[in-house]
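# Understanding the architecture of this molecule
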Amino acid sequence: MACLLLRMIAPADIPSGLGSAEAVREGDHLPRKAFPPRNNRNLSRKRRRWSLRSPHADSKYASLRFDPESGRNLPLVSSLLTSTAGEVAVSSEQKVYNVVLKQAALVKQQPRSSTAPDVKPDTVIPGSVGLLKEAYDRCGEVCAEYAKTFYLGTLLMTPERRRAIWAIYVWCRRTDELVDGPNASQITPTALDRWESRLEDVFAGRPYDMLDAALSDTVSKYPKCCSCFNLQPFRDMIEGMRMDLKKSRYKNFDELYLYCYYVAGTVGLMSVPVMGIAPESKATTESVYGAALALGLANQLTNILRDVGEDARRGRIYLPQDELAQAGLSDEDIFDGKVTEKWRSFMKNQIKRARMFFQQAEAGVTELNRASRWPVWASLQLYRQILDEIEANDYNNFTKRAYVSKAKKLLALPVAYGRSLISPSSLSQSSLAKT
C-alpha cells in the first residue's frame, strides 16, 4: 500500500534516465552507460490515471456495491456478469479479488511483528563490491528527488523497510516510464516481453544493473516471507503497460477496473508484506489488502479527475464511456472543455465516489505497522484535499489544475503523524470487514 502512495504524494510524473528503455532494447545485462546518472535534474516524469466504480447500481454493475444516492456500499450481489449473448463471465472485480486473496494467504502464513522482519545479509554480487549500498542509495535519491514528502515519511521506517520500499518504488517508476517516458514511441509489446523476462531474472537473483540489484536483494532478504514477494503483481503491472499501448478509451468501468488494478493496485500488493500489519490488529489480512486497493482506487480517481483537460489534449479520456453517456455527455464535450451543469453533476458523482473509497481505506491504514502508517496517512489526507480544490475551481478541470498549497501540505503532515499513533485495537475485525 505504501509504495503505491509514493507516486501519489510527489509530483505525479515519472523520471526518464532510469535505464528501463535501454534495458528492453539491449536484451542483455546493461552496460555501465545505462546506469542512471546521479543528480540528473532533467528526468521527465509521468502520471498514472484511473477511474473508479460505476455510480450506477443497475443490474450490470450491481456487483460493484455503490449506491449513488446514499453513498454507501451495497452487498456484493454477484461476482458474475452476463453478456447480451447470455454468456457468463467473471467480472474484473472478482479477478482482482482472487489475486488479493492469494497474496493475503501468503502473508497470513507469517507471524505479525512490531519490528522489522529477520533478513539475510546483503546479497553479494560477484565483481561488484559496494554495488548494493550504491544501488539502495540511488533508489533513495530518486525517491527524495521525486517523492519528497513520502521520502521524509520513509525515514521514519526501519532501515530494512525503508530500503525495500525504495527498491520497489524505483522498479515501478521504471516500468511506468516504458510507455510514457521520452522513449515511449520506441516501445513495442515485444519490448515489454523483454522487460518481463528481465523481471524474472531479477527474482532469480540475476540483476541487470544497480537498480535491479536493489530489488533482487529485497526479494531475497526476507526468508520468513519470501513467498509474499510473488511475481504476479509485478507481471500484472507490466500487463497494464501493454493495455496502455493499445487503449485510449474504456467503454465501461469493468474495463477500467482491471486496467486500474494493473497499473496501480498492484503496488499495494507488492508493498504490504514489507510495511507489515500491526501485531495487535484484529483485522483480517484480506481486509487490509482490500483497504490498500481502495486507497489506490481513490488516489487514482483523484488523478483522473484533476487531469481531465490535460488527458484530453493527449487524445485520451479515462472516464467510462457509458457513464458519460448516461450523464448526457460525449467525447466532444470533453474536448470542448466547457463547464456545464451536466458536467458539474457528473463531477459531483465522481468526487462522491472517490471520497467513499478514501473512507474505506482509512480503516486499513490504521491496521498497518505503526512505523509504516505516517506516510500512508499523509498521502491519503493530501490527495483527498485535491478533491476539495476541484470543487473550489467550480469543477473546471479542463483549464485549471487543482493542487494543494505548500501551506496546507505542511499543516496536514503533523495531523497525519498524529493519526498514525492511533492503535488499531480500537477497530474490530467485523467493522473493518464491512468496508
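Please refer to the structure higher up on the page.
Our subject in this report is the structure included herewith. What you are looking at is a predicted structure, and each value in this text was computed from that prediction instead of being measured.

## Looking at the overall build of the protein chain
In terms of helices and strands, the protein chain carries 18 helices and 2 strands. A buried classification covers 57% of the 435 residues belonging to the protein chain. For the protein chain, the proportion of contacts with a sequence separation of at least 24, taken over those separated by at least 6, is 80%. Taken as a whole, the protein chain presents about 17500 Å² of accessible surface, with 51% of it coming from carbon and sulfur.

## Describing the packing of helix α15 (residues 341–366) against helix α16 (residues 370–392)
Packed helices, taken two at a time, are described by the angle their axes make and the gap between the axes. Running from N to C, α15 and α16 cross one another at 165°; their axes reach a closest spacing of 11 Å. Between α15 and α16, the angle is such that the two are roughly antiparallel. The chirality of how α15 crosses α16 is left-handed. Where α15 abuts α16, its residues Met347, Ile351, Ala354, Arg355, Phe358, Gln359, Ala361, Glu362, Val365 and Thr366 lie against Arg373, Val376, Trp377, Leu380, Tyr383, Arg384, Leu387, Asp388, Ile390 and Glu391.

## Side note on the packing of aromatic side chains
By the definition in use, this model includes 9 aromatic pairs. With centroids separated by 5.1 Å and ring planes inclined at 75°, the aromatic side chains of phenylalanine 203 and phenylalanine 234 adopt a geometry described as edge-to-face. With phenylalanine 203 in helix α7 (residues 189–203) and phenylalanine 234 in helix α9 (residues 231–246), this residue pair connects regions lying 31 residues apart in the sequence. What makes phenylalanine 234 buried here is its relative accessible area of 1%. Note on tyrosine 261 and tyrosine 262: the rings are 5.7 Å apart at their centroids and 50° apart in plane angle, and the pair reads as tilted.

## Some details on the pattern of salt bridges
The final tally for this structure, using the stated rule, is 28 salt bridges. Of the charged contacts, one joins aspartate 209 and arginine 174 as a salt bridge, the two residues approaching to 2.6 Å between their closest N and O atoms. Separated by 35 residues along the polypeptide, aspartate 209 in the loop between α7 and α8 (210–220) and arginine 174 in helix α6 (residues 159–180) bring together distant segments of the chain. A residue is classified by how much of its surface remains accessible, and aspartate 209, at 2% relative accessible area, is buried. Across the pair arginine 235 and glutamate 200 runs a salt bridge whose closest N-O atoms are separated by 3.0 Å. On the criterion of sequence distance, the pair formed by arginine 235 in helix α9 and glutamate 200 in helix α7 is long-range, its members being 35 residues apart. One salt-bridge network, held together by shared partners, links Asp193, Glu196, Glu200, Arg235, Glu239 and Arg242.

Calculation criteria
Residues numbered from 1 in each chain as written. Predicted model: local features only at pLDDT ≥ 70, side-chain atom pairs only at ≥ 80, totals over all residues. Heavy atoms only, no water. Helix = DSSP H or I, 4+ residues; strand = E, 2+ residues; numbered from the N terminus. Buried < 20%, exposed > 50% of the residue type's maximum accessible area, 1.4 Å probe, protein only. Contact = heavy atoms within 4.5 Å. Areas by Shrake-Rupley, 256 points an atom, 1.4 Å probe, with all protein chains shown as cover. Axes fitted to C-alpha atoms, helices over the stretch in contact; angles between N-to-C directions. Parallel < 35°, antiparallel > 145°, perpendicular 65-115°, else oblique. Left-handed = near helix turned anticlockwise from the far one by under 90°. Phe/Tyr/Trp six-rings, centres within 6.5 Å; stacked < 30°, edge-to-face > 60°. Salt bridge = Lys/Arg side-chain N within 4 Å of Asp/Glu carboxyl O.

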